[in-house]
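Residue strings, one per chain:
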Amino acid sequence: MRVLATVSVFLALAVVASAAPVCLPGSLEDYIALVDGCTVGDKWFRNFSFTSDGHSAPQDQHIAVTVLGTAPFLGLQFAAKQASNGWHVFAGGKDQESIINYEVAILSGPDKIYGAILAAQDVQVQGAGTYLQIQKLLCPGAAFSPGCAGLVTISKIFTSDSAYWNDVGGWFPTGYTLVGVREIVTIHTAAGPGNKAAIDGYLANRWAQSPEPAGYVLLGSGLVALGFLRRRMRKR
């Protein structure tokens, strides 16, 4: 019965996700409006939300979203390159913060999410005391909440220019089929002329996954059990 229940969960998730469209390039505003989220390969991205505050802060319509479709590291890429309403602060003594929330789930099958990869391109920071911080907070097995069990954080503070940075981190002790995500971009410029901080490129997010052998066995056992039951029903 447990095997059949597990197979039923896989099938139910696939049916629900089948209503979700394939992820396409657009704005974060478009993604927030997706009732059923969208899919990239076997990843299901959903329940997007966004807040921002501070000097020249971007709104959801200003953040471009593109798809990273190279397996096995499938994900999404965010960019806010505008000089105004972007991840740019070109004045001293200013602050800005943006927060993107969403969930990523495995559509079906034995694969599970074991970690996250965060990357940033063309980060510019000028001026003593000026910095740009990128954080990725991960809630394994649940929608994001600040006090979730097993919270994992990937964080980087830039105090100088960086053409490209990436961190393969946020590893979980076990795999999950759902991860709640909060991504935070914080900019602070110290008072003084010429101080600035910006992301002139993108903020990329990929998900590391691995098939769990036990999952294959379980799914296979479930299919065998279903076949056995079908044969018994035919004999009757």
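Refer to the structure presented above.
Residues numbered from 1 in each chain as written. Predicted model: local features only at pLDDT ≥ 70, side-chain atom pairs only at ≥ 80, totals over all residues. Heavy atoms only, no water.

Caption draft 1: Representation of the overall build of the protein chain within the structure. A count of helical and extended segments in the protein chain gives three helices and 14 strands. Considering only intrachain contacts with a sequence separation of at least 6, the fraction spanning at least 24 residues in the protein chain is 76%. For the protein chain, the accessible surface area stands at approximately 11300 Å², while carbon and sulfur atoms represent 58% of it. (Helix = DSSP H or I, 4+ residues; strand = E, 2+ residues; numbered from the N terminus. Contact = heavy atoms within 4.5 Å. Areas by Shrake-Rupley, 256 points an atom, 1.4 Å probe, with all protein chains shown as cover.)

Caption draft 2: Spotlight on the state of the cysteines. Counted under the stated rule, the structure contains two disulfides. Linked covalently through their sulfurs, C23 and C38 form a disulfide whose S-S length is 2.0 Å. The chirality of the disulfide connecting C23 with C38 is right-handed, given an S-S dihedral of about 90°. Of this pair, C23 sits in the loop between α1 (2-17) and β1 (26-27) while C38 sits in strand β2 (residues 38-40), and the two are 15 residues apart along the sequence. Accessibility assignment for this pair places C23 and C38 in one class, buried. Here C139 engages in a disulfide with C148; their sulfurs sit 2.0 Å apart. Every disulfide takes its handedness from the sign of the S-S torsion; for C139 and C148 that torsion is -95°, giving left-handed. Under the relative-accessibility criterion, C139 is labelled buried at 0%. (Disulfide = S-S within 2.5 Å. Buried < 20%, exposed > 50% of the residue type's maximum accessible area, 1.4 Å probe, protein only.)

Caption draft 3: A look at the side chain of E103. Position of E103 relative to the elements: it lies in strand β7 (residues 95-106). Residue E103 is classed as buried on the basis of its relative accessible area, which comes to 10%. Polar side-chain contacts of E103 include one of 2.9 Å to the side chain of R46. Of the polar contacts made by the side chain of E103, one reaches the side chain of N47; its length is 3.2 Å. Discounting chain neighbours no more than four positions away, the residues touching E103 are W44, F45, R46, N47, A143, L178, V179 and G180. (Polar contact = N/O pair within 3.5 Å; in protein donor to acceptor, adjacent residues only side chain to side chain.)

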